[in-house]
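Overview (structure and organization)
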Amino acid sequence: MAASPSTAPAPSSSASAAAAFAVNGERVELREGGCGACVVLLSAYDAASGAVSHAAVSSCLTLVHGLHHRAVTTTEGLGRAGAGGLHAVHERLAGFHASQCGFCTPGVCMSLAAALAAAEAKAKAQAGRRPDDPPEGFAARLTAAEAERAVAGNLCRCTGYRPIADACKSFAADVDLEDLGLNSFWRKGDAHASKLPRYDEGSIGVFPEFLKAEIKASSWVDDLYTPPALVGGGSTWHRPRSVEEYYKLVGSELFGESRTKVVVGNTASGVYRETEVHDRYIDLRCIPELNSVSKEANGVQIGAAVSISQAIEILRVEAGGCHDVIFCKIADHMEKVASLFVRNTASLGGNLIMAQRDQFASDIATILLAAGSSICIQASSRRLTVTLEDFLQMPPCDHKTLLLSIYIPRWTPIGSLSGGKTMDGTVSKIGTSVLFETYRAAPRPLGNAVAYLNSAFLAQVSSDETSSSLILRELCLAFGAYGSQHAIRARNVEKLLVGKPITASVLLEACRLVKETIVPKEGTRHAAYRSSLAVAFLFTFLYPVTEGTLKPVKAVHLNGYVTSGTNGNPNCGPDAHVDVSLKKINDVNSGSCTNDRILEYSNQIIEINKDYLPVGIPAKKVGAELQASGEAVFVDDIPSPKDCVYGASIYSTKPLAHVKSIELDLSLKQLKTPGVVTVKDIPEGGSNVGANTIFGPEPLFGDPITQCAGEPLGVVIAETQRFANIAAKRAVIDYSTENLDAPILSIEESVKRCSYFETPPFLLPQKIGDFSKGMAEADQKIYSEGCFVRQFDLRINYFNVKLNSQYYFYMETQAALAIPDEDNCMVVYSSSQCPETAQNVIAKCLGLPCHNVRVITRRVGGGFGGKAVRSLPVATACALAAFKLCRPVRMYLDRKTDMIVTGGRHPMKICYSVGFKADGKITALHIDLFINAGMTKDVSLIIPHNFIEALKKYNWGAFSYEAKVCKTNISTKSAMRGPGEVQGSYVAEAIIEHVASTLSADANLVRHRNLHTVESLALFHSECSEDATGYTLHSICDQVTASENYQHQLETIQSFNKNNKWKKRGLSFVPIVHKVLSRPTPGKVSILNDGSIAVEVGGIELGQGLWTKVKQMAAFGLGQLCPDRSQELLERIRVIQADTLSNVQGGWTAGSTTSESSCEAVRLACNVLVDRLKPVKEQFQEKQGNVSWDELISKAIMIGVDLSAREYYVPGPFGSYLNYGAATSEVEIDLLTGASTIVRSDLIYDCGQSLNPAVDLGQVEGAFVQGIGYFMNEEYVTNSDGLLISDGTWTYKIPTVDTIPKQFNVKLLNSGFHKKRVLSSKASGEPPLLLAASVHCATREAIRAARNEPHCSVFGPSPSHFDLEVPAVMPVVKELCGLDSVERYLENLLTSE
Ligand SMILES: Cc1cc2nc3c(=O)[nH]c(=O)nc-3n(C[C@H](O)[C@H](O)[C@H](O)COP(=O)(O)OP(=O)(O)OC[C@H]3O[C@@H](n4cnc5c(N)ncnc54)[C@H](O)[C@@H]3O)c2cc1C
Ligand code: FES
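Residues numbered from 1 in each chain as written. Chains lettered and ligands numbered in written order. Predicted model: local features only at pLDDT ≥ 70, side-chain atom pairs only at ≥ 80, totals over all residues. Heavy atoms only, no water.

1. With respect to the site of ligand 1
Among the 36 residues in the neighbourhood of ligand 1, the closest are listed as Val262, Val264, Thr267, Ser347 and Arg357. Between ligand 1 and threonine 267 there is a distance of 2.5 Å, counted from an oxygen atom to a side-chain nitrogen or oxygen. One of the side-chain N or O atoms of arginine 357 is found 2.6 Å from an oxygen atom in ligand 1. At the level of elements, strand E7 (260-263), helix H10 (268-271), helix H15 (348-357), helix H16 (363-370) and strand E13 (401-409) are the ones that each hand at least two residues to the shell around ligand 1. Looking at which element gives the most residues to the shell around ligand 1, the answer is H15, with five residues. Looking at the shell around ligand 1, its residues break down into 22 nonpolar, ten polar and four charged. (Near = heavy atom within 4 Å. Polar contact = N/O pair within 3.5 Å; in protein donor to acceptor, adjacent residues only side chain to side chain. Helix = DSSP H or I, 4+ residues; strand = E, 2+ residues; numbered from the N terminus. Nonpolar A, V, L, I, M, F, W, Y, C, P; charged D, E, K, R; others polar.)

Put into structure tokens, the structure is as follows:
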């Protein structure tokens, strides 16, 4: 095997590819194949043709020995800043501001690089350049749509994807460069390809010549001998060359005894997390039969080891430009399976085996079942061909069954000339047409998400000779992934339909029968929704050919009136006008939407402030190139010191229990686990403390009683991280619940048992006015059904709003490396937002003075609040283990453990009572707020304050509240980006909408009516009073809603809703007022001998661009010494990692203000240096005129000037201020599937005088998309013990590039000079997240429009007021539009006839 840049042999067969190479670029954080952070380029050389092929693959799923004779290119292999120079891919990602924390960036680079290499290979196949070839500097043949799709499987939690998409599109041949977003290459209106870093064809994936030679030399040898098993790291790798050889192997004694794994692409290890250690691998890919493709007149036979990507290509070729609709649509659907970098190695056979044996929710089984496929299997000496349907129904195959090939038949209309297949094998004289369609409803449109339900339908249709109706002659209806054992044919429904004219009443009967047939097994989530999807898809398939529903031809969507594999998001549902003439049906249209752009349009408006240059310029993020090229070092990239061992957390799975013992699984002896670290290992003088906040400490390990499922109980130590993870997962914990009360798992239970944490009064915001008086003034009132205004009692039976948790999903999970040092000292590298607190907690746990503990943090791969308090237990446990073992210990949590132990956003339940006038003016509001804090306080006691402050964005007249912080037995909840504020701001919108719907008024008018005046703002936010110029919200709202665009949008939506029965749109506008608070922060500036400058700040670089702003500020501060050269100084400044023994009182990086506080501290430190250096300069100037920076520094050193200054910025009384912004969003919902598409979002955010508009814009977009995740996508699901079960990329779906607004416009408002803020700037990290509520509110508007349709009017007190859950995932939306809307539609149709 070979790899670029490393060509070292792999350490072990079982090691994943990325782990095998000593490079930082590829991040093996998930091992699920679901995030794309570890994508590399895999290149293969075909000795016979001399061709090199390239594919993106997920290195966490790719086994090292599977790379034999392949070349691997990591992002470092493309280029490095340190050596040889960066590649255009790196430079453009950095220049388009597409890297924030940078943890995802290497994977993004490699997905893009693979797309470029593939486009090039395609172009090479066409000899010579053609006149329409793209100009030099662009990629050959890469279209903008392909460029966007290249990164569709890559997760990024920071950027919001828009800049990533733009960087990718900069390589596309068909892009208008002016359409690309803010970048550091040109100003708007001045775009030109020559300004982009040059991209040279052939610069990606150069296949090493030595390896070509080796491959050429080895191929004939391979033909002669079967090579012996390869051995590495105690495991053996076997590559049988024939079916016989395979059976010889598995028949040997070795196979029976050992833990053997049979693999092709090994992607199943991403689906089923491995808790086994294998010591024998059998790779099926060298068996020629499994790789062969045989094209026959009646169909195509594909070897089982052929990858899904190859199968797509084969089917596309066989479809002959989509003359064969079935092949074409199967290929389209397959493009929605997983992501490209999984499909490139995942085999067809592997998928079908998983479907058959493991009940995997396969798409491939369903679509091939509908296409009438058969398979060839070998069971020991027996070979048989069976239909796929029979295969799926067989008992689960054991490892001795080999799937050899899959046969997909061609279908031709009965009675046509070619001898295609009919379902019963007979030939009919009647002329028929073949209809084939596939569907999937999944949380993401472009794949990378398993479907709620998939289906594929095949029909032979003909005209009835006596009537104009169409008759289904033959039919196959396949459904899968809905919570069944495997994909099935709904034969009873087929039977009902075949031979009958398709009328509305027949269709209705079929829909009812399908609902009774497609029933998920017990315990399946959203079961009723899945059944209703089956109805929706059948209806979508048959309605256009149903008698009496045919419409005149307008838009022709032939043989696929619904786009295939649309995520249930059809471009044209039954609303579309369809020509069903048989001739037209047989003319095939692929329905593929691969040329559709994901992002249609985006615009960024910024205003650069030049008062404090270089502060204010949209400079590129510091280190962005290093992040792209993989040279940036995160904690897990630090090379492991000698004797380093690895730790993994063992956590409780019970909510409240005595932990009697923890035992390791003895069958895992070979993992060489030195043991478990528990509370017993805390040294004398130390204490069981794992975190600390101003509200008190929390334990490191649950001992002797665990307080929640997910509480850490100990750490397993092993010689590799993987072994430690496996051992931790298989640890056996003995619990007892003797003499313990039942755990408190809900807010309701906590209220019942009065289990609260007391909030200190100083943290509770003021109430305003007299609530009773306000209510008395109201024309109308809404009382909470719980009726417990001002007191909490057991009558709480209804909450107006329920909000669940959200997980941080930073891309770098919690990580720490602890290294014991001399004299009882400990050095800990921690991925933490608060190293200073980590130092305190570690010292306390180990019983050491703080000066014995040094915590170092260079950068954090995304924090969002989750690397504040929740990083402390990991750093502390790691330090404790290192202390006990006197060896370095590293911990890097796997995603599941991270999700389970770190908690997340606070769940809440809220009741409100509100009074209002007939014109929508609210006169009084009372809120009862219940916050689920989990088992410890963390920082939960500030959440009521944050909630109420954000809720006070409107003038409620009189305002009162009660807040309770509930102590429960669930995992501790901590601050997550906009903690409390996002919920408070959202609840304000929910109240406004409730008022509006009660009055039957436009919610946006009610919003406007209740915005604060300057006077009411001063009353509600007395400590941050604002004058009229500072209060920019009204002008922002006017800009957003008074524009022509907005009015036009409203009218277009109304007409859209009038003309569409199955799709509806909604528009909403949401303003925000968000208070932030600055905290004291240190800054240290040191000028070194050569004039270079090192800056240390309290703030940590989390991706928010803190270092970039600090660097600009240092250049501005020291630039006072050389005003015209401050830009040059920028190049001489380096911001260095945080070190708790070098820069003390570092504090926390949290609350959006740490960048500006760190900047201010640095400015103050610079002022001190300027004061010291100014006299030296003046002296010098007097003597010799002009003086350079270097001369000045040399002179200062000579005369003994102290060139290091440290200042501690204390914000004082102006520490808090208000942020303003507003957003409008337009959302389209699909009533059949519940899918939502964000058609457009327009944001205006007041950033003051931005310190760096590029950085702030990135924060605004990224926060908004993270908010979309909270409101629309991310389901946080726990079991009955409170243990998180949506615990990985399979079940927890953060936004991807295909779920962000299709039109995404952001304006940063420069509200000018403000003496109370740091150089007049404002915060940008958290407030814009609140704006994402606009997407949820727009969805509600769309649902409201749907409920006006007779078939969707759902019973209830009011069709226009309803609870729309957060997140508004597809099942939630569909439920509110009626799970039986199809049946009701058909019933209405029949009764109106
Ligand atoms: C992130 C991710 C997302 C996914 N999303 C989807 C999706 O949306 N829809 C969907 O349908 N699938 C999806 N998949 C599943 C994916 O298609 C399968 O994991 C893949 O096809 C399995 O192929 P493989 O070659 O990697 O199998 P391997 O992992 O190598 O093997 C899987 C199992 O099959 C056995 N096996 C493999 N080949 C044979 C054979 N020829 N004969 C006998 N036994 C064999 C192996 O022993 C093993 O037990 C997803 C997978 C991942 C990782
Ligand atoms: S920049 Fe993509 S995850 Fe941080």
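2. Structural notes on the pairing of strand E33 (residues 889-892)
Side-chain alternation along E33 places Val889 and Met891 on one buried face and Arg890 and Tyr892 on a second face that is also buried. As defined by bridge partners, strand E19 (residues 645-651) adjoins E33 across three bridges and the pair is classed as parallel. Paired with tyrosine 646 across the strands is arginine 890, a residue of E33. As defined by bridge partners, strand E30 (residues 815-821) adjoins E33 across four bridges and the pair is classed as antiparallel. The residue of E33 that forms the bridge with alanine 818 is valine 889. (Buried < 20%, exposed > 50% of the residue type's maximum accessible area, 1.4 Å probe, protein only. Pairing = 2+ DSSP bridges.)

3. A word on the nonpolar core
Counting 337 residues, the largest nonpolar core has Ile927 and Trp956 as the members making the most contacts within it. Not counting residues up to four positions away in its chain, the partners in contact with isoleucine 927 are Ile910, Cys911, Tyr912, Phe947, Leu951, Phe959, Ser960, Tyr961, Glu962, Val987 and Ile991. (Core = buried A, V, L, I, M, F, W, Y, C linked by side-chain atoms within 4.5 Å. Contact = heavy atoms within 4.5 Å.)

4. Here we look at the sheet that holds strand E39 (residues 1093-1097)
Remark on secondary structure: sheet strands pair via backbone hydrogen bonds, oriented parallel or antiparallel. Spatially, four strands are ordered E40-E39-E38-E42 in an open sheet, and the strand pairing comes out mixed. Every interior strand has two partners, whereas the edge strands, strand E40 (1133-1135) and strand E42 (1204-1209), have only one. Taken pair by pair, the neighbouring strands of this sheet meet at an average axis angle of 20 degrees, ignoring direction. For E39 and E40, the ladder comprises three bridges, and the chain directions are parallel. Within E40, the position partnered with isoleucine 1093 by the bridge is isoleucine 1133. (Axes fitted to C-alpha atoms, helices over the stretch in contact; angles between N-to-C directions.)

5. Things to note about the UniProt feature "binding site: FAD" (unreviewed entry) in the protein chain
Per the UniProt entry, the sites bearing "binding site: FAD" (unreviewed entry) are Ser347, Leu348, Gly349, Gly350, Asn351, Asp363, Leu403 and Arg440 in this numbering. Non-local contacts of aspartate 363, meaning those with residues more than four positions away in its chain, are made with His333, Val337, Arg440, Ala451 and Asn454. Look past the residues within four positions of leucine 403 in its chain and what remains in contact with it is Leu290, Ala304, Gly349, Leu352, Ile353, Ile375, Cys376 and Ile377. (UniProt positions renumbered as here; feature names shortened; annotations may be inferred.)

6. Section: the sheet that holds strand E43 (residues 1216-1230)
Pairing in this open sheet of five strands is mixed, and the strands run E18-E45-E44-E43-E37 from one edge to the other. Every other strand in the sheet has two partners, leaving strand E18 (601-605) and strand E37 (1063-1077) as the edge strands with one partner each. Taking each pair of neighbouring strands and ignoring which way they run, the sheet shows an average axis angle of 10 degrees. Both E43 and strand E44 (residues 1236-1246) contribute to a ladder of nine bridges, which runs antiparallel. Residue pairing in the sheet places valine 1227 in a bridge with isoleucine 1238 of E44. With respect to the sheet, helix H33 (residues 1033-1041) is in contact with E37, E43, E44 and strand E45 (1303-1309), its orientation differing from that of E43 by roughly 20 degrees. Against the sheet, helix H34 (residues 1044-1059) makes contact with E37, E43 and E44, and its axis sits at roughly 140 degrees relative to E37, the strand it touches most.

7. Re the pairing of E44
Judged by how many residues are buried, E44 sits mostly within the fold: ten of eleven residues are covered. What sits between the antiparallel neighbours E43 and E44 is a turn of five residues, in which glycine 1234 has the positive phi angle 85 degrees. The sheet contact formed by E44 and E45 spans seven bridges and is parallel. By the bridge assignment, serine 1241 is partnered in E45 with phenylalanine 1304. Handedness of the E44-helix H39 (residues 1253-1273)-E45 crossover: right-handed. (Right-handed = clockwise from strand over helix to strand, strands pointing away.)

8. Some words on the pattern of salt bridges
Inspection of every chain in the model, using the stated rule, returns 62 salt bridges. A salt bridge links aspartate 200 to arginine 198; the nearest nitrogen and oxygen atoms lie 2.7 Å apart. Since its relative accessible area comes to 36%, aspartate 200 is described here as partly exposed. One continuous salt-bridge network, built from bridges that share partners, spans Glu148, Arg162, Asp166, Lys169, Arg597 and Glu1261. (Salt bridge = Lys/Arg side-chain N within 4 Å of Asp/Glu carboxyl O.)

9. Details of H15
Extensive coverage of H15 is indicated by the burial of eight of its ten residues. Every buried residue belonging to H15 is among Leu348, Gly349, Asn351, Leu352, Ile353, Met354, Ala355 and Gln356, and all of these are buried. Looking one or two residues beyond H15, the residue adopting positive phi is glutamine 359, at roughly 60 degrees.

10. Here we look at the environment of leucine 453
Mapped onto the secondary structure, leucine 453 falls in strand E15 (residues 453-463). Sequence separation between leucine 453 and aspartate 363 is 90 residues, and the spatial gap between their C-alpha atoms is 8.9 Å. Those residues in contact with leucine 453 that lie beyond four places of it in its chain are Tyr439, Arg440, Ala441, Phe479, Gly480, Ala481, Tyr482, Ile518, Arg530, Leu533, Ala534 and Phe537.

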